[in-house]
Amino acid sequence: MSKIELRDFDGDLKALPAMAYDTLFEEYGAATWIDLNRPEVAQHLLADVPDPRFVIGAYDGARLVALIANLPRLYRLNGQTYKGVTTTLLAAHKDYRGAAVYLISECLRRNAEFGADFAVFILDKYNRSWHMFEQYLKPRHRIELVKTMHALVHAVDLAKVVTSQNLKWYEVAAIKLLGAHRPITAPAVPGTVRDYTDADLSAILTLTRRYSDQNCLVRVFNADSLARRLHTENVTATVVYELGGAVEGFINFTVHELVSKRGRQRWAWLDFLYWEGLSGHEKQALLAGLWQASRERGCIAIMEWNKNYYAPGALCRAHFIPYPHFIELNAWVFNPHLSLRGIDKIFEQIT
Amino acid sequence: MTRPEPLSFAAFQQMLADLLHVDVAQVTPEAYFVRDLGVDSMRLLDLLLHLEKRGFQVPLDSVWRMQTVGEAYDCYQQQATGHGL
């Protein structure tokens, strides 16, 4: 018998579902989980990784039994630039669940080698990792709760949402009463809403940089990573608002597949947007574009986690409603001069 | 810093068997915690907590070096005798 070996991930994305799915179905029971192991999504996430050391696999011989990814990113906070990593894709085969601890252990070593100031990661209360962090890791390490994030949703195909989420009759009634299932329609506006094209990249890069230094944790994009973020076939998409030949706003989203024992459905997760300076009607037109783009991609609902870096009033007016679920954005902080505790505004995607 | 109390392998073996709820015969020096003893992440961390209470300190970034019962015992004894980690 050989040891479980921790080494750079060999890049075989097809091995991810076989490694993770049984565990996820078992752990989540009747609840829904987001499928980050779908090869297109994993490939999209890992495309930003410049160095194989940022993705660590646990192998039993040649077989992948667990994985963790550290996506290196630059962040701005309070006028300073920091080296951060987004830690994601942590999963282990059901017969090797303890290997997750080995991966976290190796992650810490490699993050120190990289000189990361912090690692941010999402904890979901339904997941086993939540208990591991709450009971053992948080009391012993400098792990800070950055923000508790609640969801706002709008149903695109209510019948499928009802099945997917196993909604009760009174929940369906509330959705209908609040209009959170109605198509979002565009009012008359002076500009046009259309799909993103490569020619929009530099204008959108300029818009995203306006968020820097606004008392907010802001991911700093370069052109390549932003281009992938804005359009990756079958994973991400963006609608833009153009006025007088200039891009004045945009909404970007990821097509995630949410899985439960009741099936697999696509949801549009709103990630990045810029609509400062747009009128209420122009914002509504952008949201109508988002609704249409989501529907065209087979999404049954649109979801936004309250990252709070923009005014959400237009979402409420378009009948996005609170969804009774929350996740926690946490940070493992390595820089002794830095704290991320309680940051309210986050310009970053949630995975 | 308090050192852990030195233990014979048999005593260490029994302690692990009790903590992990497995038959003591399975707790051989060659047994892998994750693969052979079915230790998942929570039980592994519980085990570390228990050992910590006995004065055995395992930095998290060193955990993966103790994959087998024998490796864990060696580390334990090294700390107990003042030569460890």
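Conventions used here
- Residues numbered from 1 in each chain as written.
- Chains lettered and ligands numbered in written order.
- Predicted model: local features only at pLDDT ≥ 70, side-chain atom pairs only at ≥ 80, totals over all residues.
- Heavy atoms only, no water.
- Helix = DSSP H or I, 4+ residues; strand = E, 2+ residues; numbered from the N terminus.
- Rg over C-alpha atoms; globule rule 2.2 N^0.38 Å.
- Buried < 20%, exposed > 50% of the residue type's maximum accessible area, 1.4 Å probe, protein only.
- Contact = heavy atoms within 4.5 Å.
- Areas by Shrake-Rupley, 256 points an atom, 1.4 Å probe, with all protein chains shown as cover.
- Lys, Arg positive; Asp, Glu negative; His and termini not counted.
- Charge placed at Lys NZ, Arg CZ, Asp CG, Glu CD.
- Buried area = accessible area lost by both parts, 1.4 Å probe.
- Salt bridge = Lys/Arg side-chain N within 4 Å of Asp/Glu carboxyl O.
- Expected span 1.5 Å × (residues − 1).
- Bend = angle between axes of the 7 residues up to and from the residue.
- Domains from an automatic or database assignment.
- Polar contact = N/O pair within 3.5 Å; in protein donor to acceptor, adjacent residues only side chain to side chain.
- Phe/Tyr/Trp six-rings, centres within 6.5 Å; stacked < 30°, edge-to-face > 60°.
- Lys NZ or Arg CZ within 6 Å of the ring centre and 35° of its normal.
- Axes fitted to C-alpha atoms, helices over the stretch in contact; angles between N-to-C directions.
- Parallel < 35°, antiparallel > 145°, perpendicular 65-115°, else oblique.
- Left-handed = near helix turned anticlockwise from the far one by under 90°.
- Nonpolar A, V, L, I, M, F, W, Y, C, P; charged D, E, K, R; others polar.

Remarks on the overall build of chain B
Working step 1: When helices and strands are counted, chain B shows three helices and zero strands.
Working step 2: Going from the N terminus to the C terminus, chain B shows its helices and strands as α-α-α.
Working step 3: Scaling as 2.2 N^0.38, a compact globule of 85 residues should have a C-alpha radius of gyration of about 12 Å, and chain B matches this with 12 Å.
Working step 4: In terms of its C-alpha atoms, chain B occupies a principal-axis envelope of roughly 30 × 25 × 20 Å.
Working step 5: Within the span of chain B, comprising 85 residues, buried residues form 52% of the whole.
Working step 6: Counting only contacts in chain B whose residues sit at least 6 apart along the sequence, the fraction spanning at least 24 positions is 59%.
Working step 7: For chain B, the exposed area adds up to about 4000 Å²; of that, 52% sits on carbon and sulfur atoms.
Working step 8: Positive and negative side-chain charges of chain B, numbering 6 and 11 respectively, have mean locations separated by a distance of 5 Å.

Points about the interface of chain A and chain B
Working step 1: Chain A puts 26 residues into the contact, and the matching count from chain B is 23 residues.
Working step 2: With both chains or domains summed, chain A and chain B bury close to 2300 Å², and 63% of this area falls on carbon and sulfur atoms.
Working step 3: In terms of surface lost to chain B, no three residues of chain A exceed Lys 3, Tyr 102 and Tyr 136 of chain A, which account for 29% of the buried area on that side.
Working step 4: Linking chain A with chain B are three salt bridges.
Working step 5: In this structure, the salt-bridge partner of Glu 52 of chain B is Arg 140 of chain A, at a minimum N-O distance of 3.4 Å.

Brief notes about the pattern of salt bridges
Residue and element names in this part refer to chain A.
Working step 1: On inspection of all chains with the given rule, the structure shows 31 salt bridges over all chains.
Working step 2: The partner of Lys 138 in a salt bridge is Glu 328, with the nearest N and O atoms 3.4 Å apart. Of the two residues, Lys 138 is situated in helix α4 (residues 128-140) and Glu 328 in strand β14 (residues 321-333); the sequence distance between them amounts to 190 residues.
Working step 3: Among the salt bridges present, the one from Arg 264 reaches Glu 257, with a minimum N-O distance of 2.7 Å.
Working step 4: Residue Arg 264 is classed as partly exposed on the basis of its relative accessible area, which comes to 37%.

Topic: α4 of chain A
For the α-helix, the turn length of 3.6 residues means that residues three or four positions removed from each other point alike.
All names here are of chain A.
Working step 1: Between its first and last C-alpha atoms α4 spans 18 Å; for 13 residues at 1.5 Å apiece the expected length is 18 Å, and the two agree.
Working step 2: At Glu 134, α4 is bent by approximately 45°, the largest bend along its length.
Working step 3: Regarding α4, the residues found buried are Ser 129, Trp 130, Met 132, Phe 133, Tyr 136, Leu 137 and Lys 138.

A few points about the domain arrangement of chain A
Residue and element names in this part refer to chain A.
Working step 1: Structurally, chain A comprises domain 1 (5-150) and domain 2 (151-325).
Working step 2: Counting each side, the surface lost to burial between domain 1 and domain 2 is near 2800 Å², with a carbon and sulfur contribution of 54%.
Working step 3: By the criterion of area lost to domain 2, the three top residues of domain 1 are His 44, Arg 76 and His 150, representing 23% of everything that side buries.
Working step 4: Counting across the interface, domain 1 meets domain 2 through four salt bridges.
Working step 5: A salt bridge links Arg 264 to Asp 35, with the shortest nitrogen-to-oxygen separation between them at 2.8 Å.
Working step 6: In this structure, the connection of domain 1 to domain 2 is made through 15 residue pairs in polar contact (both at pLDDT 80 or more).
Working step 7: For the side of domain 1 that touches domain 2, the secondary structure elements donating two or more residues are α1 (15-28), β2 (33-34), α2 (39-46), β4 (63-77), β6 (118-124) and β7 (143-155).
Working step 8: In terms of residues, the side of domain 1 that touches domain 2 owes the most to one element, β4, which gives five residues.

Here's the deal with the packing of aromatic side chains
Working step 1: On inspection of all chains with the given rule, the structure shows 20 aromatic pairs over all chains.
Working step 2: Ring geometry for Tyr 21 of chain A against Trp 33 of chain A: centres 5.6 Å apart, planes inclined by 50°, an arrangement best described as tilted. Of this pair, Tyr 21 of chain A sits in helix α1 while Trp 33 of chain A sits in strand β2, and the two are twelve residues apart along the sequence. Taken as a pair, Tyr 21 of chain A and Trp 33 of chain A share a single burial class, namely buried.
Working step 3: Judged by centre distance (5.1 Å) and plane angle (80°), the rings of Phe 221 of chain A and Phe 272 of chain A are edge-to-face. You can see Phe 221 of chain A sitting in the loop between β9 (217-220) and α8 (223-230) and its partner Phe 272 of chain A sitting in strand β12 (residues 263-274), a full 51 residues away along the chain.
Working step 4: Exposure remark for Phe 272 of chain A: the relative accessible area of 2% places this residue in the buried category.
Working step 5: Arg 7 of chain A extends its terminal NZ or CZ atom over the ring of Tyr 59 of chain A, reaching a point 4.0 Å from the ring centre.
Working step 6: A cation over a ring is seen here: Arg 35 of chain B above Tyr 32 of chain B, with NZ or CZ 4.4 Å from the ring centre.

Some details on the side chain of Glu 282 of chain A
All names here are of chain A.
Working step 1: Position of Glu 282 relative to the elements: it lies in helix α9 (residues 280-296).
Working step 2: For the buried Glu 282, no salt bridge exists, and the shortest N-O distance to an oppositely charged side chain is 8.5 Å, to Lys 283.
Working step 3: Among all residues touching Glu 282, those that are not within four sequence positions of it are Val 189, Pro 190, Tyr 241, Leu 243 and Gly 277.

Overview of the environment of Gly 249 of chain A
Residue and element names in this part refer to chain A.
Working step 1: Following the sequence through the fold, Gly 249 ends up in strand β11 (residues 246-260).
Working step 2: Along the backbone, Gly 249 and Pro 17 are 232 residues apart, and their C-alpha atoms lie at a distance of 36 Å.
Working step 3: Once you skip the residues sitting within four places of it in the chain, Gly 249 turns out to touch Leu 207, Val 239, Val 240, Tyr 241, Tyr 274, Leu 278 and Leu 286.

Side note on the packing of helix α1 (residues 9-20) of chain B against helix α2 (residues 41-53) of chain B
All names here are of chain B.
Working step 1: Running from N to C, α1 and α2 cross one another at 135°; their axes reach a closest spacing of 10 Å. Classified by the angle their axes make, α1 and α2 are oblique. Relative to α2, the crossing made by α1 is right-handed. For the pair formed by α1 and α2, the contact residues are Phe 12, Met 15, Leu 16, Leu 19 and Leu 20 on the first element and Arg 43, Leu 47, His 50 and Leu 51 on the second.
Working step 2: Residues of the contact of α1 with α2, tallied by class, amount to seven nonpolar, one polar and one charged.

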